[in-house]
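Each chain is listed here by its residues.
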Amino acid sequence: MASAITTLAADAPTLSAANTGFMLICSALVMLMTPGLAFFYGGMVRVKSSLNMLMMSFISLGIVTILWVLYGFSLAFGTDSGSLIGWSADYVGLSGIGITELWDGYTIPVYVFAVFQLMFAIITPALISGALADRVKFSAWALFITLWVTIVYFPVAHWVWGAGGWLFELGVIDFAGGTAVHINAGAAALGVILVIGKRVGFKKDPMRPHSLPLVMLGAGLLWFGWFGFNAGSWLGNDDGVGAVMFVNTQVATAAAMLAWLGYEKLRHGSFTTLGAASGAVAGLVAITPSGGSCSPLGAIAIGAIAGVVCAMAVGLKYKFGYDDSLDVIGVHLVGGVLGSLLVGLFATGGVQSEAAGLFYGGGLEQLGKQAVGVFAVLAYSLVASAVLALLLDKTMGMRVTEDDEVSGIDQVEHAETAYDFSGAGGGSSSRSTAVPTPVAAASKKVDA
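A brief structural summary. (Residues numbered from 1 in each chain as written. Predicted model: local features only at pLDDT ≥ 70, side-chain atom pairs only at ≥ 80, totals over all residues. Heavy atoms only, no water.)

Structural notes on the overall build of the protein chain
Consideration 1: Counting secondary structure elements, the protein chain contains 17 helices and two strands.
Consideration 2: Computed over its C-alpha atoms, the radius of gyration of the protein chain comes to 23 Å, within 12% of the 22 Å expected for a compact globule of 448 residues.
Consideration 3: In terms of overall dimensions, the protein chain has a C-alpha envelope of 95 × 50 × 45 Å along the principal axes.
Consideration 4: For the protein chain, buried positions account for 53% of its 448 residues. (Helix = DSSP H or I, 4+ residues; strand = E, 2+ residues; numbered from the N terminus. Rg over C-alpha atoms; globule rule 2.2 N^0.38 Å. Buried < 20%, exposed > 50% of the residue type's maximum accessible area, 1.4 Å probe, protein only.)

Section: the pattern of salt bridges
Consideration 1: Scanning the model with the defined rule gives six salt bridges in all.
Consideration 2: With a shortest N-O distance of 3.1 Å, Asp-134 and Arg-46 are connected by a salt bridge. Of this pair, Asp-134 sits in the loop between α4 (110-128) and α5 (138-161) while Arg-46 sits in the loop between α2 (17-44) and α3 (50-77); the two residues are 88 residues apart in sequence, bridging distant segments of the chain. Side by side, Asp-134 and Arg-46 carry an identical accessibility label, which is buried.
Consideration 3: For the salt bridge of Arg-199 with Asp-134, the shortest nitrogen-to-oxygen distance reads 3.3 Å. Here Arg-199 is found in the loop between α7 (178-196) and α8 (212-231), whereas its partner Asp-134 is found in the loop between α4 and α5, with 65 residues between them in sequence.
Consideration 4: By relative accessible area, which is 8% here, Arg-199 ends up buried.
Consideration 5: Among the residues examined, Asp-134 registers a relative accessible area of 2% and is labelled buried.
Consideration 6: By sharing partners, the salt bridges in this structure join Arg-46, Asp-134, Arg-199 and Asp-323 into a single network. (Salt bridge = Lys/Arg side-chain N within 4 Å of Asp/Glu carboxyl O.)

Some points on the environment of Pro-209
Consideration 1: Its place among the elements puts Pro-209 in the loop between α7 and α8.
Consideration 2: Overall, the relative accessible area of 28% leaves Pro-209 in the partly exposed class.
Consideration 3: Those residues within four positions of Pro-209 in sequence are excluded, and the remaining contacts are Gly-43, Met-44, Val-45 and Leu-274. (Contact = heavy atoms within 4.5 Å.)

So, a nonpolar patch on the surface
Consideration 1: Residues Leu-358, Phe-359, Tyr-360 and Leu-364 make up a contiguous nonpolar surface patch of roughly 410 Å² in combined accessible area.
Consideration 2: Along the chain, Phe-359 turns up in the loop between α13 (328-346) and α14 (365-395).
Consideration 3: The exposed category is assigned to Phe-359, whose relative accessible area is 52%. (Patch = residues over 30% accessible without salt bridge, like charges linked within 9 Å, V, L, I, M, F, W, Y side chains within 5 Å. Areas by Shrake-Rupley, 256 points an atom, 1.4 Å probe, with all protein chains shown as cover.)

Observations concerning the environment of Ala-418
Consideration 1: Positionally, Ala-418 belongs in the loop between α16 (409-414) and α17 (438-447).
Consideration 2: For the pair Ala-418 and Leu-51, spaced 367 residues apart in sequence, the C-alpha separation works out to 5.9 Å.

Thoughts on unusual backbone geometry
Consideration 1: The residue Leu-94 is not glycine, and still its phi comes out positive at about 50 degrees.
Consideration 2: Relative to the helices and strands, Leu-94 is located in the loop between β2 (85-86) and α4.

Notes on α8
Consideration 1: When the terminal C-alpha atoms of α8 are compared, their 29 Å separation across 20 residues agrees well with the 28 Å that a helix rising 1.5 Å per residue should span.
Consideration 2: Residue Gly-225 marks the point of greatest curvature in α8, where the axis turns by about 30 degrees.
Consideration 3: Among all positions in α8, only Val-215, Gly-218, Ala-219, Leu-222, Trp-223, Gly-225, Trp-226, Phe-227, Gly-228, Phe-229, Asn-230 and Ala-231 are buried. (Expected span 1.5 Å × (residues − 1). Bend = angle between axes of the 7 residues up to and from the residue.)

What about the nonpolar core?
Note on soluble globular proteins: their nonpolar side chains tend to be buried together.
Consideration 1: Counting 107 residues, the largest nonpolar core has Phe-73 and Leu-132 as the members making the most contacts within it.
Consideration 2: Among the elements that make up this core, the one with the highest residue count is α5 (15 residues).
Consideration 3: When near neighbours in sequence (up to four residues on either side) are disregarded, Leu-132 contacts Met-56, Trp-141, Val-192, Ile-193, Ile-196 and Ser-325.
Consideration 4: By size, the runner-up hydrophobic cluster in this structure holds eleven residues, among which are Ala-286, Ala-306, Leu-342 and Leu-345. (Core = buried A, V, L, I, M, F, W, Y, C linked by side-chain atoms within 4.5 Å.)

Considerations on helix α10 (residues 273-290)
Consideration 1: Between the first and last C-alpha of α10 there are 26 Å, a value that for 18 residues agrees with the 26 Å anticipated at 1.5 Å per step.
Consideration 2: Among the 18 residues that make up α10, 16 are buried, leaving the element largely enclosed by the rest of the structure.

Here it is, written out as structure tokens:
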């Protein structure tokens, strides 16, 4: 008996300083993705809405952090109840956790796991905001985030990643968030915009990005932070799986960017910076659920497929008439669905698990499991998000007035403008004020 106890003690995980430090760095990288997303979205809107777009991402850093500490971590990763939700009193307020207490089966503290997963919870509702540009009250958006993460994100995270969650137990593979993050956010975006409707001037007025350099900066920060998002999701660095995920993240993103640009050149005749940025994000989305189960060659295929299909999908809003302002549905929902389903084709059975896809002799079993996960999360998030938006719209109102939307949501909601040209004219004080300077004239055009 004593020898058995000694063996168990020897096999028990001990705290790894290397893995703990690695995961803290990955957590910081994932946190950086939310400001990166803010720049990505902020550059894509018109100038009169850019601050509001930045704030719709930044406010998630505040709201979701507090909710996660109070009860979110407990709901998502506490003791399972009915395979649908978790709850552990020790996780409420993070008050009953020892500083060296390890996450079950791993070599990192519970605190480190909690803060890493917090960053996922923060960016997921921020992703939704891109579909709602130009027209949502900031107070309504803040309340929507509060309700949405409580009713939708925390339960879905438990389904997918929590011990005992029904999708986890089914064997659905979601390495870093294809279902829990991207399909969840994309379906929510669709549900909300079906309730609140289109922007004033949709399909009539030009709604071009006001700052493509900001878009590219945001895409670069997202790409950089995504290495923490993906490689960190193995929760350590002991067996090489995280390294494979790191490589596949880079490979798929590159392939998707090139594929998007190729499609764009053939379809529209130009290679655009917006296309390069959007293609990169589409590749990042698609490899998120699948990169831990495929080879680098499989990652190239997944990225290329996502680049072309997502480039095609962003035009569907004009065909079907839903106003997805910044292509959250076309990139995150479609990309997340593709990446999750393609696990069932490209899983080698030799990386994160022994589950193999159709192309590696595994038949259709894993594809069927992936489809269940995809459509369960899509349906739940779509319906729940639409109901939440409808309740808020009927009570406090989700949208600003038409006049406020036309004049600019930045001034109305935040009493600020992104760019102040009032001191940019320069020149001598003796210059006549009757003739506007070129800079002043340009600023009037920009503000319009």
